[in-house]
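Given next are the chains, with one letter for each unit.
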Amino acid sequence: MITVKCLASGSSGNSYAVDDGKSALLLEAGIPAKKILSGYLSILPRVAGCLISHEHQDHAKGADGLAARGIDLYMTSGTFCGIEDRFGKIDHPYRAHVIRAGEQFSLASWIVLPFETKHDTTEPCGYLLYSTVAREKLLFATDTYYIPNLFRSLNIIMVECNYSIPLLDASIRDGRVPEIMKPRLLRSHFGLENVKDFFLANGMQSVRHIYLIHLSDNNADPEQFKREIERSTGKPVTVF
Ligand SMILES: [Zn+2]
Ligand SMILES: [Zn+2]
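Note that the coordinates shown come from a computational prediction; the quantities given were computed from them, not determined experimentally.

Cut-off values and rules
Residues numbered from 1 in each chain as written. Chains lettered and ligands numbered in written order. Predicted model: local features only at pLDDT ≥ 70, side-chain atom pairs only at ≥ 80, totals over all residues. Helix = DSSP H or I, 4+ residues; strand = E, 2+ residues; numbered from the N terminus. Rg over C-alpha atoms; globule rule 2.2 N^0.38 Å. Buried ≥ 20, exposed ≤ 12 C-beta atoms within 10 Å, placed from the backbone. Contact = placed C-beta atoms within 7 Å. Core = buried A, V, L, I, M, F, W, Y, C linked by C-beta atoms within 7 Å. Pairing = 2+ DSSP bridges. Axes fitted to C-alpha atoms, helices over the stretch in contact; angles between N-to-C directions.

Peer 1: Please give an account of the overall build of the protein chain that cites residues and values.
Peer 2: Summing up its helical and strand segments, the protein chain has 8 helices and 13 strands in all. A compact globule built from 240 residues would reach a C-alpha radius of gyration of about 18 Å, and the protein chain, at 17 Å, matches this within 12%. Looking at the protein chain as a whole, 45% of its 240 residues qualify as buried. Nonlocal contacts in the protein chain, meaning residues at least 24 apart in sequence, comprise 60% of its contacts between residues at least 6 apart.

Okay, structure coming up:
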């Protein structure tokens, strides 16, 4: 069985880990590397690498530090260049492995299929992961306003649920979020309405757990999102 861990989720930093008992993958490096390594100490001996979705700092600021401490990084070439533009050259470039959307690869006990996402960065991607040990399929998708692919026989879904339209509108009305930010948010992030549509479009029979990630501080209500998704899917939901 795959287990999912989270050290940080949201616009101040993202760090997750998935573990099938034989090997583990880190997902995102959006907090300092030291914190990532100490946070996942118990699974560190079986960490096979870190997959990064895009170069924004809440996903990538710890990437260089992880490479320096011997963790292999996997990312698209657009994300690699984006990280170097933002944070400077990766000191251990041989640790950075360039991957491409649509090109599946094996990593320890995992088969990894990166897929294209829609975000305001150069070459963002999400990851479809299959554990050959647990024989389970996990979808990881964040920072995207649209997911064009359909996925079959998923067992675990980790998906961004950044905002809901009514809560976003309320934040704008109350002056917590400038109105000018709304179009950018709708064109770069996945909200409650998107999540519901996505679940409707994809077969949910085999899903055993849903993790909602990357909730906004201003425009999201964790309890409400959990309730609504549990009600609409009939599946257990954890909000990170
Ligand atoms: Zn983000
Ligand atoms: Zn982003």
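Peer 1: Any chance you could break down the nonpolar core for me, citing the residues and the numbers?
Peer 2: Counting residues in each nonpolar core, the largest one holds 62 residues, and the members touching the most others are Leu73, Met158 and Leu212. The contacts of Leu73, once residues within four sequence positions are left out, are Gly49, Cys50, Ile52, Ala63, Leu66, Ala67, Arg95, Ala96 and His97.

Peer 1: Report on the sheet that holds strand β13 (residues 237–239), specifying residues and quantitative values.
Peer 2: Ordered by their spatial adjacency, 7 strands build an open sheet running β7-β8-β9-β10-β11-β12-β13, and the pairing between neighbours is mixed. In the strand order of this sheet, the two ends are held by β7 (105–107) and β13, each with one partner. When the angles between neighbouring strand axes are averaged without regard to direction, this sheet yields 20°. Pairing between β7 and strand β8 (residues 110–116): 3 bridges, direction antiparallel. Among the inter-strand pairings, Ser106 is bridged to a residue of β8, identified as Ile111. Across the face of the sheet, helix α8 (residues 222–233) comes into contact with β12 (209–213) and β13 while running at roughly 160° to β13.

Peer 1: Residues and numbers for unusual backbone geometry, please.
Peer 2: Located in the positive-phi region is Asp143, a residue other than glycine, with phi close to 50°. Along the chain, Asp143 falls in the loop between β10 (136–141) and β11 (156–160). At Ser153, a residue that is not glycine, the phi angle is positive and equals roughly 50°. Mapped onto the elements, Ser153 comes out in the loop between β10 and β11.

Peer 1: Now, about the sheet that holds strand β3 (residues 24–27): what can you tell me, with residues and values included?
Peer 2: Strand order in the open sheet formed by 6 strands is β1-β2-β3-β4-β5-β6, with mixed pairing between adjacent strands. At either end of the open sheet lies a strand with only one pairing partner, and these are β1 (3–8) and β6 (96–99). Averaged over all neighbouring strand pairs, the angle between strand axes comes to 25°, with direction disregarded. Bridge count between strand β5 (residues 73–76) and β6: 4 bridges; the pairing is parallel. The residue bridging Leu73 from the neighbouring strand is Ala96, located in β6. Of the strands in this sheet, β5 and β6 touch helix α4 (residues 77–87), which is tilted by about 105° from β5.

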